[in-house]
Amino acid sequence: MTPPPERYDVVVVGAGPAGSTAAHELARRGHRVLLTEEHPRVGFPVQCAGLVSQRVLELAGTREMVLHEVRGATVWSPALRPLQVKAPDTRAYVISRSRLDFLLAERASRAGAEVRTGWKFLGLEGPVSATLPLALRFQTLPEGEVRRVEARCVVGADGVTSAVARAFRLRRPIEILPAYEVEMPFPDGDPDEVEIYLGRHVAPGLFGWWIPDGGGMARVGLAVQAIRGRSAREYFDALRGQMARRWGHPLPDPVEILVAGIPVGDVPRTSGTRVLLVGDAAAQVKPVSGGGIFTGMRCAQRAAEVLHEALAQDDLGGDRLAAYDAAWRSDLGEEFRRAHYLRRVFLRLGDEELERVLQILQGTDMVRSLVAFGDIDFPSIAAGEVLRQSRSLMSLLPQAVAAYFQRDRGRVPDVGPRISRRAT
Ligand SMILES: Cc1cc2nc3c(=O)[nH]c(=O)nc-3n(C[C@H](O)[C@H](O)[C@H](O)COP(=O)(O)OP(=O)(O)OC[C@H]3O[C@@H](n4cnc5c(N)ncnc54)[C@H](O)[C@@H]3O)c2cc1C
């Protein structure tokens, strides 16, 4: 006789930063939570460059995963002209991403969530209804056994390819940027800063990066627009060439390689009857940098707040859970809107225009503003400040965007500690 299915208040699918944060927040409020991860070990394989702001350390409640601190960046133009933006204080942290994921899942478990690895969400059994609990189907790996679980609701934190979004038919008209990153021994370079490589021939649609981990290794990678006929790996070879010219020697052989995708775009609905999407599953990713750890964790907190009340009222219908869409958009919607604007402008710039933009930014006051307002979680604020200061920069932009930034000052919403704003 098959045993009756286990019952939970919430099943969270995916033990990345967003899923483990949601599981922790719900478990500590007393709900019965199951957190499932398809891989045998939380945090592996790593699919991230691991550069985060102070806010991530605050949200995680620990600095244990920090490997190194950086104070700024050098941006290399397509013709390899440098623009250095360096602050007197720490602006970002290089972390062990696998350690972060482990610590967050462990915190969720300590709060009472049940964590199961090797549990892959397959789909739903039966219809979704506001009156009946959900029947969820999982496959245990590597055994391949199918298990059934009942839940009052589900949080889809299962990343860019979200099976939960598919199961609940939450349409996701997003762009997925293919990314390719390697880790290599790299003792040269300024350990206080990261490097960014721009150029259509190097990384169309985003940029290349070099991130020192402070221990003699560097994470080198890029993400690009998915352009037919050329893979991220092929662009990576061009980036290697660009970096070899910049460093004056060929790059060492990699010790780790990762291939992944970064979702960019606006998902119109991140909730439905008995379901919420968080993190990459909801494309809660910063459009100009592709970073999604802070945004995913912050939105997961919002998801837990809304679910906590909805569970207490036993109202898990689509209308009630739409409060989550409103909640996370009130934190981050404005920044995402501005950043999508900026990204669209960036996509229109050819290499010559990029050279001009960086040349204009070389002006001392511009760099000073970038340092003073630079905040990796809210890049549109620094962008707005420099745009307002420079007529020549404005003249490069479509009129609507220029007018928009001239009119409105961005603001950092109350989402955690403020980033220091001292200029050099
Ligand atoms: C190359 C690269 C570099 C990046 N660098 C940075 C950076 O420096 N800083 C930054 O902030 N962001 C960075 N990002 C983005 C960041 O990695 C993501 O935004 C972040 O991981 C999103 O967290 P998440 O919890 O939503 O999803 P994920 O971290 O993707 O976690 C989803 C989890 O769900 C699991 N899962 C998937 N399907 C199922 C299923 N069916 N059943 C059960 N489990 C499932 C996965 O195994 C995974 O563990 C980078 C991304 C890439 C690709």
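Residues numbered from 1 in each chain as written. Predicted model: local features only at pLDDT ≥ 70, side-chain atom pairs only at ≥ 80, totals over all residues. Heavy atoms only, no water.

So, about the pairing of strand 1 (residues 6-13). Among the eight residues of strand 1, six are classified as buried, and the element is accordingly described as predominantly covered. One ladder, built from seven bridges, connects strand 1 with strand 11 (residues 146-156); its direction is parallel. Of the residues in strand 11, the one forming a bridge with arginine 7 is glutamate 150. By the bridge criterion, four bridges tie strand 1 to strand 2 (residues 33-37) in an arrangement that is parallel. Bridge pairing in strand 2 places valine 11 opposite leucine 34. (Buried < 20%, exposed > 50% of the residue type's maximum accessible area, 1.4 Å probe, protein only. Helix = DSSP H or I, 4+ residues; strand = E, 2+ residues; numbered from the N terminus. Pairing = 2+ DSSP bridges.)

For the chain, the assigned domains are domain 1 (6-47 + 98-173 + 267-335), domain 2 (69-90 + 175-263) and domain 3 (336-407). Taken over C-alpha atoms, the centre of domain 2 sits 21 Å from the centre of domain 3. Of the roughly 1400 Å² buried between domain 2 and domain 3 on both sides combined, carbon and sulfur atoms contribute 59%. We note a salt bridge from arginine 81 to glutamate 355, for which the minimum N-O separation is 3.0 Å. There are 10 residue pairs in polar contact (both at pLDDT 80 or more) connecting domain 2 and domain 3. (Domains from an automatic or database assignment. Buried area = accessible area lost by both parts, 1.4 Å probe. Salt bridge = Lys/Arg side-chain N within 4 Å of Asp/Glu carboxyl O. Polar contact = N/O pair within 3.5 Å; in protein donor to acceptor, adjacent residues only side chain to side chain.)

Counted according to the given criterion, the structure contains 10 aromatic pairs. Relative to phenylalanine 236, the ring of tyrosine 180 lies with its centre 5.0 Å away and its plane at 45°, an arrangement referred to as tilted. With tyrosine 180 in strand 12 (residues 175-185) and phenylalanine 236 in helix 5 (residues 232-247), this residue pair connects regions lying 56 residues apart in the sequence. Neither tyrosine 180 nor phenylalanine 236 differs from the other in exposure class; each is buried. Ring centres of tryptophan 210 and tryptophan 247 lie 5.0 Å apart, and the angle between their planes is 50°; on these two criteria the pair is classed as tilted. Here tryptophan 210 is found in strand 14 (residues 208-212), whereas its partner tryptophan 247 is found in helix 5, with 37 residues between them in sequence. This pair shows no difference in class: tryptophan 210 is buried, exactly as tryptophan 247 is. Put simply, the rings of Trp119, Phe121 and Phe138 pair up and form one aromatic cluster. Taking NZ or CZ as reference, arginine 32 lies 4.4 Å from the ring centre of tyrosine 8, over its face. Its end group placed over the ring of tryptophan 247, arginine 246 keeps NZ or CZ at 3.8 Å from the ring centre. (Phe/Tyr/Trp six-rings, centres within 6.5 Å; stacked < 30°, edge-to-face > 60°. Lys NZ or Arg CZ within 6 Å of the ring centre and 35° of its normal.)

This paragraph deals with the layout of surface pockets. Taking a probe equal in size to a water molecule and rolling it over the atoms shows the remaining empty space. In this structure, the second largest pocket encloses a volume near 340 Å³. Those elements that place two or more of their residues in the lining of the second largest pocket are helix 3 (97-110), strand 12 and strand 16 (256-264). Classifying every residue of the lining of the second largest pocket by side-chain character gives nine nonpolar, two polar and five charged. Taken together, domain 1 (6-47 + 98-173 + 267-335) and domain 2 (69-90 + 175-263) each give at least three residues to the lining of the second largest pocket, which thus spans both. (1 Å grid on protein atoms, 1.4 Å probe; cavity = no way out; pocket = protein on both sides within 12 Å on 5 of 7 lines; lining within 4 Å. Points joined across faces, edges and corners; volume = space filled by probe spheres on them. Nonpolar A, V, L, I, M, F, W, Y, C, P; charged D, E, K, R; others polar.)

Once that is clear, we can look at the environment of proline 82. Following the sequence through the fold, proline 82 ends up in strand 6 (residues 82-86). Counting along the chain gives 19 residues from proline 82 to arginine 63, while the straight-line C-alpha distance between them is 32 Å.

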